Amino acid sequence: MRLLVTGGAGFIGSNYVRHVLKRTDADVTTLDALTYAGSKANLTDIDSPRHQFIEGDIRNRELVNDLVDDADIVVNFAAESHVDRSIDGADPFVSTNVGGTCALLDAAADTELERFIQVSTDEVYGEILEEKFTEDDSLSPRNPYAATKAGADHLAQSYYTTHNVPVVITRSSNNFGPRQHPEKLIPKLIQRASEEKSLPIYGDGSNIREWIYVEDNCRAIETVRKDGNIGEVYNIGSGDERTNLEVAHEVLDAVDANADLIEFVEDRPGHDQRYALDNSKLEALGWKPSWTFEEGLQQAVEYYLESETNS
Ligand code: NAD
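Residues numbered from 1 in each chain as written. Predicted model: local features only at pLDDT ≥ 70, side-chain atom pairs only at ≥ 80, totals over all residues. Heavy atoms only, no water.

## Topic: the pattern of salt bridges
Link 1 in the chain: Taken as a whole and assessed by the stated rule, the structure comprises 18 salt bridges.
Link 2 in the chain: In this structure, Lys281 engages Glu232 in a salt bridge whose closest nitrogen and oxygen atoms are separated by 3.0 Å. One end of the pair, Lys281, is in helix 9 (residues 280-283); the other, Glu232, is in the loop between helix 7 (214-227) and strand 10 (233-236), with 49 residues separating them in the sequence.
Link 3 in the chain: We classify Lys281 as partly exposed; its relative accessible area is 27%.
Link 4 in the chain: For Arg274, the salt bridge is made with Glu241, and the minimal N-O distance between the two is 2.9 Å. (Salt bridge = Lys/Arg side-chain N within 4 Å of Asp/Glu carboxyl O. Helix = DSSP H or I, 4+ residues; strand = E, 2+ residues; numbered from the N terminus. Buried < 20%, exposed > 50% of the residue type's maximum accessible area, 1.4 Å probe, protein only.)

## A look at the domain arrangement of the chain
A common way to express how large an interface is: the accessible area buried when the components associate.
Link 1 in the chain: By the assigned domains, the chain splits into domain 1 (2-175 + 212-239 + 278-291) and domain 2 (185-207 + 241-272 + 296-310).
Link 2 in the chain: Of note, the centres of domain 1 and domain 2, computed from C-alpha atoms alone, are 26 Å apart.
Link 3 in the chain: The interface of domain 1 with domain 2 comprises eleven residues on the first partner and nine residues on the second.
Link 4 in the chain: Of the roughly 890 Å² buried between domain 1 and domain 2 on both sides combined, carbon and sulfur atoms contribute 45%.
Link 5 in the chain: The tally of links between domain 1 and domain 2 comes to two salt bridges.
Link 6 in the chain: Here Arg142 makes a salt bridge to Asp272, at a shortest N to O gap of 2.4 Å.
Link 7 in the chain: For the interface between domain 1 and domain 2, the tally reads four residue pairs in polar contact (both at pLDDT 80 or more).
Link 8 in the chain: At three residues, helix 3 (residues 83-88) tops the list of elements feeding residues into the side of domain 1 that touches domain 2. (Domains from an automatic or database assignment. Contact = heavy atoms within 4.5 Å. Buried area = accessible area lost by both parts, 1.4 Å probe. Polar contact = N/O pair within 3.5 Å; in protein donor to acceptor, adjacent residues only side chain to side chain.)

## Side note on helix 8 (residues 244-255)
Link 1 in the chain: The end-to-end C-alpha distance of helix 8 is 17 Å, a good match for the 16 Å that twelve residues give at a rise of 1.5 Å each.
Link 2 in the chain: Those residues of helix 8 not exposed but buried are Asn244, Val247, Ala248, Val251, Leu252 and Val255. Relative to the axis of helix 8, the buried residues are bounded by an arc of 140° and lie together on one face.
Link 3 in the chain: The secondary structure elements touched by the buried residues of helix 8 are helix 6 (185-194), strand 8 (199-202), strand 9 (208-213), strand 11 (241-243), strand 12 (262-265) and helix 10 (293-310).
Link 4 in the chain: Positive backbone phi, at 60°, marks Asp256, one or two positions downstream of helix 8. (Expected span 1.5 Å × (residues − 1). Arc of directions from axis to C-beta.)

## Brief notes about the site of the ligand
Link 1 in the chain: Near the ligand lie 29 residues; those nearest to it are Ile12, Asp32, Ser81, Tyr145 and Lys149.
Link 2 in the chain: Between the ligand and the protein, one listed contact pairs a nitrogen atom with a side-chain N or O atom of Thr96 at 3.0 Å.
Link 3 in the chain: For the ligand, an oxygen atom lies 2.6 Å from a polar atom in the side chain of Tyr145.
Link 4 in the chain: Sort the elements by how many residues they give to the shell around the ligand and strand 5 (residues 115-121) lands first, with three residues.
Link 5 in the chain: Class assignment for the residues of the shell around the ligand results in twelve nonpolar, 13 polar and four charged. (Near = heavy atom within 4 Å. Nonpolar A, V, L, I, M, F, W, Y, C, P; charged D, E, K, R; others polar.)

## Things to note about the side chain of Gln118
Link 1 in the chain: Here Gln118 is to be found in strand 5.
Link 2 in the chain: A residue is classified by how much of its surface remains accessible, and Gln118, at 0% relative accessible area, is buried.
Link 3 in the chain: For Gln118, the side chain forms a polar contact with the side chain of Asn76, separated by 2.9 Å.
Link 4 in the chain: The contacts of Gln118, once residues within four sequence positions are left out, are Asn76, Thr101, Lys149, Ala152, Asp153, Ala156, Val168, Ile169 and Thr170.

## Quick notes on the sheet that holds strand 4 (residues 73-76)
Link 1 in the chain: Here seven strands make up an open sheet; going across it, the order is 3-2-1-4-5-6-10 and the pairing parallel. Unpaired on one side and paired on the other, strand 3 (51-55) and strand 10 mark the two borders of the sheet. With strand direction ignored, the average angle separating the axes of adjacent strands in the sheet is 20°.
Link 2 in the chain: Bridge count for strand 1 (residues 2-6) against strand 2 (residues 27-32) is five bridges, and the pairing is parallel. (Pairing = 2+ DSSP bridges. Axes fitted to C-alpha atoms, helices over the stretch in contact; angles between N-to-C directions.)

## Quick look at the sheet that holds strand 9
Link 1 in the chain: Sheet architecture is open: three strands sit in the order 7-9-11, paired in mixed fashion. Single-partner strands in this sheet number two, and they are strand 7 (174-176) and strand 11. Pairwise comparison of adjacent strand axes, ignoring direction, gives a mean angle of 50° for this sheet.
Link 2 in the chain: Along the sheet, helix 8 makes contact with strand 9 and strand 11, crossing strand 11 at roughly 85°.

## Let's talk about the packing of aromatic side chains
Link 1 in the chain: According to the stated counting rule, one finds eight aromatic pairs in the structure shown.
Link 2 in the chain: On the numbers, 5.6 Å between centres and 70° between planes, the contact of Phe176 with Tyr213 is edge-to-face. Taken together, the residues Phe176 in strand 7 and Tyr213 in strand 9 connect sequence positions 37 residues apart.
Link 3 in the chain: A relative accessible area of 0% places Phe176 in the buried class.
Link 4 in the chain: Using a relative accessible area of 6% as the deciding quantity, one classes Tyr213 as buried.
Link 5 in the chain: Taken together, the aromatic side chains of Phe176, Trp211, Tyr213, Trp291 and Phe293 make up a single cluster linked through ring pairs.
Link 6 in the chain: Over the ring of Tyr36 we find Arg85, and its NZ or CZ is 3.6 Å from the ring centre.
Link 7 in the chain: Over the aromatic face of Tyr234 sits the side chain of Lys281, whose NZ or CZ is 4.9 Å from the ring centroid. (Phe/Tyr/Trp six-rings, centres within 6.5 Å; stacked < 30°, edge-to-face > 60°. Lys NZ or Arg CZ within 6 Å of the ring centre and 35° of its normal.)

Next up, the structure:
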């Protein structure tokens, strides 16, 4: 099996590349443009003759055509992924998240791929104050990042219908764990708490997210890669919901820092109040989360504190 993993030098992608190399005999090609969010350092300890890294852009059609041609499976993680940056300027999000996905889908339309996995997000559904989103709910994204991811989902589904590209879409909730960029909530809180700096929390901290440990997302993507139905969407959530304020307190406890470091700051415009996913479709394939939030947080704290010591 030959896997093309785009965005594999980023947070989830680099965890996924490790996961797949350890558990399968696949040959893995990682394609990543090494934007500010990607780093070769995320892959340096991978020492496998079955892995090759290519620095390149998913919008480079010539390159992408060759790489997709040589693959059996494409897993597309490559994206601009930070909501705050998309509010400051949406152009790169449109270009990579929609345009780049389009280049990959066009390349896939001309091949005999087994699966094209489009890695998406719960944010495409918009917010939900009660109950949970199922895969049949309509998309109602409320920030530019989510809108571009929803655009990519629609495009991918249309390529399944019109070009028979074997698309499967995963929509996961908020991930956390090793190798996440320090601009994201949990690594930022860990780093700042360990340096006894203030922990900025948007608004009153009541926004709720469903946190999934990155390894559980990687396991879920593998489940979908093997057993998911082509043309379908699978939600990936942990069922573990927490307010941002609760997360901040758990981080403070985990690094043994003082609660008065919490500082409430002006809310993000259009800040979704709550996301929550119904997982039953994925669980019917035999997957369930294996990490609790506390176990995952312990791993993350150890990773970030060790990285700080070594840097
Ligand atoms: P990330 O920002 O850590 O990594 C993205 C990677 O894509 C980086 O290595 C970057 O260099 C690369 N990249 C960006 N533009 C590229 C381009 N044009 N060509 C090639 N490579 C490019 O993001 P992440 O948190 O690992 O997220 C990965 C995927 O999972 C994204 O598609 C994101 O939308 C999705 N997702 C993330 C979360 C989460 O909580 N992190 C939740 C649900 C879905």
